[in-house]
Every structure is written in C-alpha cells, then in structure tokens.
Amino acid sequence: MVRGGPKLDHGRRRELGQSFQDGGKHYDRVRPGYPAESAQWLVPAGAHDALDVGAGTGKFTDLLLALGLSVTAVDPSADMLAQLSGQYPAVAALRGTAEATGLEDSSFDVVSVAQAWHWCDALAASTELARVLRPQGTLGLVWNQLDTSVPWVHRLSRIMHAGDVYKPGQRPLVGPEFEGLEGHVTRWQDPVTPADLMELTKSRSYYLRANEQTRAKVLANLTWYLHEHLGHAEGEELSLPYLTLSWRAVRA
C-alpha cells in the first residue's frame, strides 16, 4: 500500500477506476471477501448506522450487516450496485463517490472504504466523509493484499501485476478532519484453484485496461508458473495467503 494510494493525478485515477464500472458478476465471483475480524476491529461499540463507500458488490457490506448495523452502500458503478442489491436487498444502495456521497450531514456512526481508498482523492474524500459522520464517528479503511512475504506469492503478484506489496511503516493518507489513525493486520488464507487465480487476474485493473496482446502474455505466464513451474494440477485447491490491512480514525 502506497501512502495516499498510487501516485496518480485525478484524471488517471478516474481512468483506472473506470475499468471496474462493468463486470459486477465476475468481480463478485472471483474477488475474495474479508475476514470478520477486520470489521469487528474497525466498528466501534454502540455503532448503529454504517456507510460503506466504494461498496462494489458488497464484499465488506456483508460483514457490516453481520454485526447488526443498518447499512447504506455507495458506489459509482451501477453494475456493481445491482449485484449488491440482489444479494442484500435491505441495504440502501446509491450511486456516488467518496468525494461526493450526496448524503445528509452527521448521518452515520461509521464509514468504511474497503479496497477503494487508493482510487479516491484522499483529502477531498476525508472532508466529505467527515461531513456525513456524527461527532466522534469512525472512518475505516480496509485493503486485502496478497501476502508477498511468502516467496511463491511474491512471484505470483509480479506476474499478476498486483502491485500491492505490504510495507509495515506506511500509512494511508487521511485529512485533518480525522485523528488517532491506527492500524491492524489480519493474516488469513483463501482456498483457490489455478482457474480461480486466472479469473482473479482478469479482475485486476492492470488486466482490464491492457490490450489483447498484453492480456495473452499475462495469462500465458501465469499458466506456465502455476502448472509447469509450481506443478499444480487443474482443479487442485491451493491456500492463497492474504493480509487484510485495516485502519481506523475518529472524526476530530
């Protein structure tokens, strides 16, 4: 995770983020969820109303609901929100962004942004999310990352162009509206097959924005690595190590 997200100007960030506008069904099927511990650590005692920003298909929304929260989900992609609404009809699903939610002031006890803060303008988003939070409300930022401390996973991440290498000293950028930023790491494993890893690669922004020649090269390299170099059979179940990085800060 890079401080404040990738070093992109606003136009480039919007261009890359646009790659997720369609394909909600595929994203929901192949992307991992999050460990329950990440939400339990992030959500403060007594919280009732939660806003999940950049909610996508509801991977983190699911954990908020499991904690008994009343959840509103915001995402710029109508396709993603359609998937979310189909699975979680009790959630109010609205189009919007972290920088412009369109919601009322002081409406939520907690705001979560899972796997999306690096696509945001961190300072503008901080101002907007502080506005919709109640006094002493909690901002929670969450990332899943491949555990690249495991050698075979480190090489896998390079082939996939995952780009998310955990560096313990780095922290996400949040605006002056928040204080007391603290972090938490959960280590876990996701059961996958080689075919699952192929589909996971296809859901990455690098692959989605690449031309056909680059896509074919990525998949050929991945096929060689999984089957010839590592010797995994089709349908074999692997344990893919992940880190879930959670950060929380309080509205000042």
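Everything here concerns the structure above.
Let me begin by describing the structure that accompanies this report. (Residues numbered from 1 in each chain as written. Predicted model: local features only at pLDDT ≥ 70, side-chain atom pairs only at ≥ 80, totals over all residues. Heavy atoms only, no water.)

### Some details on the packing of aromatic side chains
All told, the structure shown has three aromatic pairs when counted by the stated rule. Ring centres 5.1 Å apart and planes at 15° place the aromatic pair W188 and Y242 in the stacked group. Within this pair, whereas W188 is found in strand β6 (residues 178-192), its partner Y242 is found in strand β7 (residues 238-251), the two being separated by 54 residues in sequence. A relative accessible area of 3% means that Y242 is categorised as buried. Its end group placed over the ring of W41, R248 keeps NZ or CZ at 3.9 Å from the ring centre. (Phe/Tyr/Trp six-rings, centres within 6.5 Å; stacked < 30°, edge-to-face > 60°. Helix = DSSP H or I, 4+ residues; strand = E, 2+ residues; numbered from the N terminus. Buried < 20%, exposed > 50% of the residue type's maximum accessible area, 1.4 Å probe, protein only. Lys NZ or Arg CZ within 6 Å of the ring centre and 35° of its normal.)

### Side note on the pattern of salt bridges
Close approach of charged atoms allows side chains of opposite charge to pair. What the rule picks out here adds up to eight salt bridges. Of the charged contacts, one joins R248 and E182 as a salt bridge, the two residues approaching to 2.8 Å between their closest N and O atoms. Of this pair, R248 sits in strand β7 while E182 sits in strand β6, and the two are 66 residues apart along the sequence. Among the residues examined, R248 registers a relative accessible area of 23% and is labelled partly exposed. Where R215 meets E212, a salt bridge forms, and the shortest distance between an N and an O atom there is 3.6 Å. In this pair, R215 and E212 are both assigned in helix α10 (residues 212-229), three residues apart and thus about one turn of the helix distant. On the basis of relative accessible area, R215 is assigned to the buried category, the value being 19%. A single network of salt bridges, built from pairs that share partners, joins D49, D109 and R134. (Salt bridge = Lys/Arg side-chain N within 4 Å of Asp/Glu carboxyl O.)

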